[in-house]
Amino acid sequence: MMIYDQLSRSNKKVNARGKVIKMYVCGPTVYDEPHLGHIKTYITFDVLAKYLRQKGYTVFYLQNITDIDDKIINRAEEIGVNALDLSKIFLRKYMNAMKYAKIDSVNFYAPATDHIREIIRQIRVLEGRNFTYRLPDGVYYRVWMDSNYGVLSGQKAEKLISGKRASVSDMKEDPRDFVLWKFKKKDSEPSWSSPWGEGRPGWHIEDTAIASKYFGNHYDLHGAGKDLIFPHHESELSIMSSLKGNTHVVDIWIYSGILKIKGEKMSKSENNFIPVSYLTDKYSPETIRMCFLSNNYGSETDFSDSLLEEARKNVDYISKAYQILHSASGKGSKIAVRNLFQIIEKEMDNDINTRNAIAGLIEVCSMIYKTKDNIDEDDAKYLISEIDKINSYLGIINIKEKEFSTNTIEKLIDLRDKLRKDKLYDESDIIRGALKESGIVIEDNHGKSGWHYEN
RNA sequence: GGAUAGGUGGCAGAGAGGUUAUGCGUAAGACUGCAGAUCUUAUUUAUUAGGGUUCGAAUCCCUACCUAUCCUCCA
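Residues numbered from 1 in each chain as written. Chains lettered and ligands numbered in written order. Predicted model: local features only at pLDDT ≥ 70, side-chain atom pairs only at ≥ 80, totals over all residues. Heavy atoms only, no water.

When helices and strands are tallied, chain A shows 14 helices and 16 strands. In terms of overall dimensions, chain A has C-alpha extents of about 90 × 50 × 35 Å along its principal axes. The contacts of chain A with a sequence gap of at least 6 include a subset with a gap of at least 24, amounting to 77%. Accessible surface computed for chain A: about 21500 Å², of which carbon and sulfur atoms make up 49%. Within chain A, one finds 66 positive and 66 negative side-chain charges whose respective centroids are separated by 3 Å. (Helix = DSSP H or I, 4+ residues; strand = E, 2+ residues; numbered from the N terminus. Contact = heavy atoms within 4.5 Å. Areas by Shrake-Rupley, 256 points an atom, 1.4 Å probe, with all protein chains shown as cover. Lys, Arg positive; Asp, Glu negative; His and termini not counted. Charge placed at Lys NZ, Arg CZ, Asp CG, Glu CD.)

By the secondary structure assignment, Ile409 is in helix α13 (residues 406-421). Residues Ile409 and Leu435, spaced 26 residues apart in sequence, show a C-alpha to C-alpha distance of 8.3 Å.

Right, let's talk about the packing of helix α1 (residues 36-54) against helix α12 (residues 377-394) for a bit. Packed helices, taken two at a time, are described by the angle between their axes plus the distance between the axes. Between α1 and α12, the least distance of the axes is 7 Å, while the angle of their chain directions is 145 degrees. The residues of α12 that touch α1, namely those facing Val47, Lys50, Tyr51 and Gln54, are Lys389, Ser392, Tyr393 and Leu394. Within the contact of α1 with α12, the residues separate by chemical class into 4 nonpolar, 2 polar and 2 charged. (Axes fitted to C-alpha atoms, helices over the stretch in contact; angles between N-to-C directions. Nonpolar A, V, L, I, M, F, W, Y, C, P; charged D, E, K, R; others polar.)

What follows concerns the sheet that holds strand β14 (residues 301-303). Pairing is mixed in the open sheet, where 3 strands are placed in the order β13-β12-β14. Edge positions in the sheet fall to β13 (264-265) and β14, since each of these pairs with one other strand and no more. Alignment of strand β12 (residues 259-261) against β14, held across 3 bridges, turns out to be parallel. Within the sheet, the bridge partner assigned to Lys260 lies in β14 and is Asp302. (Pairing = 2+ DSSP bridges.)

With that out of the way, let us pick up the domain arrangement of chain A. Per the domain assignment, the segments making up chain A are domain 1 (2-275), domain 2 (285-394) and domain 3 (406-453). Taken over C-alpha atoms, the centre of domain 1 sits 55 Å from the centre of domain 3. (Domains from an automatic or database assignment.)

The final tally for this structure, using the stated rule, is 14 aromatic pairs. Relative to Phe215, the ring of Phe60 has its centre 5.9 Å away and its plane inclined at 85 degrees; by these criteria the two rings are edge-to-face. In this pair, Phe60 sits in strand β4 (residues 59-65) while Phe215 sits in helix α6 (residues 203-215), placing the two residues 155 residues apart along the sequence. Each ring, one from Phe215 and one from Tyr219, has its centre 5.3 Å from the other, and the planes form 45 degrees; the classification is tilted. Just as Phe215 is buried, Tyr219 falls in that class too. Here the aromatic cluster, defined as three or more aromatic residues joined through ring pairs, consists of Tyr24, Phe60, Phe215 and Tyr219. Directly above the aromatic system of Tyr382 lies the positively charged group of Arg338, at a separation of 4.4 Å from the ring centroid. (Phe/Tyr/Trp six-rings, centres within 6.5 Å; stacked < 30°, edge-to-face > 60°. Buried < 20%, exposed > 50% of the residue type's maximum accessible area, 1.4 Å probe, protein only. Lys NZ or Arg CZ within 6 Å of the ring centre and 35° of its normal.)

Before going further, it helps to examine the pattern of salt bridges. Under the counting rule described, the total for this entry stands at 28 salt bridges. One salt bridge in this structure joins Asp376 and Lys334, with 4.0 Å as the shortest N-O distance. In this pair, Asp376 sits in the loop between α11 (354-370) and α12 while Lys334 sits in the loop between α9 (305-326) and α10 (338-349), placing the two residues 42 residues apart along the sequence. Salt bridges sharing common partners tie together Asp46, Lys50, Asp104 and Arg289. (Salt bridge = Lys/Arg side-chain N within 4 Å of Asp/Glu carboxyl O.)

In this section: the layout of surface pockets. By volume, the second largest pocket amounts to about 760 Å³. Ser327, Lys448, Ser449, Gly450 and Trp451 are, among the 28 residues lining the second largest pocket, the residues nearest its centre. Elements with a contribution of two residues or more to the lining of the second largest pocket: α9, α13 and β16 (449-453). A total of 6 residues in the lining of the second largest pocket trace back to one element, the largest contributor, which is α9. Its residues assigned to classes, the lining of the second largest pocket comprises 7 nonpolar, 10 polar and 11 charged. (1 Å grid on protein atoms, 1.4 Å probe; cavity = no way out; pocket = protein on both sides within 12 Å on 5 of 7 lines; lining within 4 Å. Points joined across faces, edges and corners; volume = space filled by probe spheres on them.)

Reading across the sheet, the 5 strands line up as β5-β4-β3-β10-β11 and stay open at both edges, with parallel pairing between neighbours. Each edge of the open sheet carries a strand with a single partner, namely β5 (108-111) and β11 (250-256). Here the strands of the sheet are splayed against their neighbours by 20 degrees on average, with no regard to which way each runs. Where strand β3 (residues 21-25) and strand β10 (residues 219-225) come together, 3 bridges link them in parallel fashion. Each bridged residue has a counterpart across the sheet, and for Tyr24 the counterpart in β10 is His222. In the packing of helix α7 (residues 229-244) onto the sheet, contacts are made with β10 and β11, and the angle to β10 comes to roughly 160 degrees.

What follows covers the nonpolar core. Counting 106 residues, the largest nonpolar core has Leu48, Ile288 and Ile368 as the members making the most contacts within it. When residues in this core are grouped by element, the largest group, 10 residues, is from α1. If near-sequence neighbours (up to four positions away) are discounted, Leu48 is found in contact with Met1, Ile3, Met23, Leu221, Ile254 and Ile352. Listed in part, the 18 residues of the second largest apolar core include Ile210, Ala211, Tyr219 and Met240. (Core = buried A, V, L, I, M, F, W, Y, C linked by side-chain atoms within 4.5 Å.)

Right, let's get into the pairing of β3. The side chains of a regular strand alternate, residue by residue, between the two faces of the sheet. Burial analysis of β3 places 4 of its 5 residues in the buried class, which makes it a mostly covered element. The parallel pair β3 and β4 is bridged by α1, and the resulting crossover is right-handed. (Right-handed = clockwise from strand over helix to strand, strands pointing away.)

Given a rise of 1.5 Å per residue, 13 residues ought to cover 18 Å, and the 18 Å separating the end C-alpha atoms of helix α14 (residues 425-437) matches this to within 8%. The set of residues buried in α14 consists of Ser428, Ile431 and Leu435. Buried residues along α14 cover an arc of 55 degrees about the axis, so they all sit on one side. Residues of α14 that are exposed and point more than 90 degrees away from the buried face comprise Asp426, Ile430 and Glu437. Lining the buried residues of α14 we find α13 and β15 (440-444). Looking one or two places after α14, you find Gly439, whose phi comes out positive at around 85 degrees. (Expected span 1.5 Å × (residues − 1). Arc of directions from axis to C-beta.)

This is how it looks when you write it as structure tokens:
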């Protein structure tokens with residue numbers, strides 16, 4: 001499988017060495033409601049992890065949680081609560097949002113505050129190699145010592161220096177330098193003791209410390225939203241390279257395109273975000289996944305309701321076709337779709353082209369509809385198993401828990417058919433209406449009436 | 001200002017030198033007690049503009065214009 005690597009600006013083969021795939025994705029700073037932008041990014045990496053597993057790889061998917069940060073402290077102060085309590089509240093909301101979108105492929109969530117010791121240890125190693133210096137407000141990282149700084153984002157040192165970076169500490173040796181350990185300012189701030197004094201970790205060192213604890217000095221995939229490339233990942237790359245002595249610390253740097261709304265980036269700081277909670281009642285997880293997987297992960301998406309509506313129709317189309325397969329019986333026609341499944345796999349192997357994979361799946365479904373009254377039972381079983389495989393990573397088929405026995409439903413449909421034959425339509429409509437209330441939709445085709453759960 | 005992505009039909013969005021993407025929408029038809037779903041056909045030269053390379057360019061090169069992202073916290 002090939003994935004676009006931001007650092008080399010080319011497609012690279014995943015896990016060329018063929019061992020366990022170590023995958024690290026930057027998690028959120030938990031100071032506000034999770035929103036659709038997060039969902040888009042984490043669906044991307046959920047699909048990637050699940051697809052790799054489906055292909056037979058063992059994937060260890062690690063995600064950090066930034067649960068201590070200026071933003072959290074400021075917000076906590078505004079509303080008068082403890083900073084760590086605040087981050088716990090939003091962490092729970094984040095986890096609920098993940099659950100809603102069926103994002104369940106992460107092996108381990110690592111909160112920063114559980115890794116203070118590792119962070120301090122890593123800063124000490126950097127300190128021993130002269131990569132740090134001390135200012136009144138914290139311990140800083142010396143960027144100029146890394147001549148490669150800027151390779152990931154393409155930022156040039158001179159331009160960055162000449163750029164307006166107003167609010168940074170004037171005392172820094174280099175405007176690009178960033179804080180590794182920030183000293184405590186107020187008593188109300190959460191803090192930990194360190195060799196340099198009471199304080200808390202900087203953002204970039206969190207990830208490098210967590211990654212190195214679980215993965216050592218090299219891993220396969222490092223992902224996030226595109227907005228984290230600079231300065232966050234650039235700085236991570238620098239720290240990791242400084243510790244290791246070379247830049248070969250991550251095989252593939254992978255980024256998902258940001259989510260926009262009305263042409264502008266959706267973000268907490270712009271306050272134009274749609275919280276996940278806004279959708280949970282109106283749309284199924286399958287619909288939201290379909291919505292974001294309907295274009296390629298790397299490109300930006302301008303969010304709108306019509307996008308969701310379109311996604312919902314496609315979810316219905318595929319889900320219904322899938323249900324048709326389950327009612328196939330006896331000997332009938334075989335559907336020649338084997339090569340379509342190969343195409344779908346090829347598209348996924350080509351930098352997770354979910355858009356084309358879904359197009360292929362829609363084509364499979366179209367063929368199911370065309371032969372729906374005469375599908376071979378064994379063929380249907382084969383199709384179901386192939387579609388299950390695809391759905392195991394895409395998660396776009398709405399399979400409702402069966403609340404009623406199929407037998408009961410079919411008996412009611414038989415009864416309704418009899419009434420219809422006698423043209424007792426009022427009575428037959430009562431059955432249809434009653435089933436509808438239970439979330440079961442009847443659709444009459446010539447000959448046989450089909451049914452499916454409402455999506 | 002610098003850096004990085006892009007600009008494709010009414011809309012959403014793939015493709016990366018040569019064949020219908022696909023979906024939504026729209027129009028007509030088939031089926032039909034109604035409803036819904038599905039199927040068929042159409043939507044006749046959609047690739048920001050202008051140059052160039054080529055037998056052939058959405059696809060490669062140059063120029064211009066436009067948009068977003070990052071350069072400050074961000075998925």
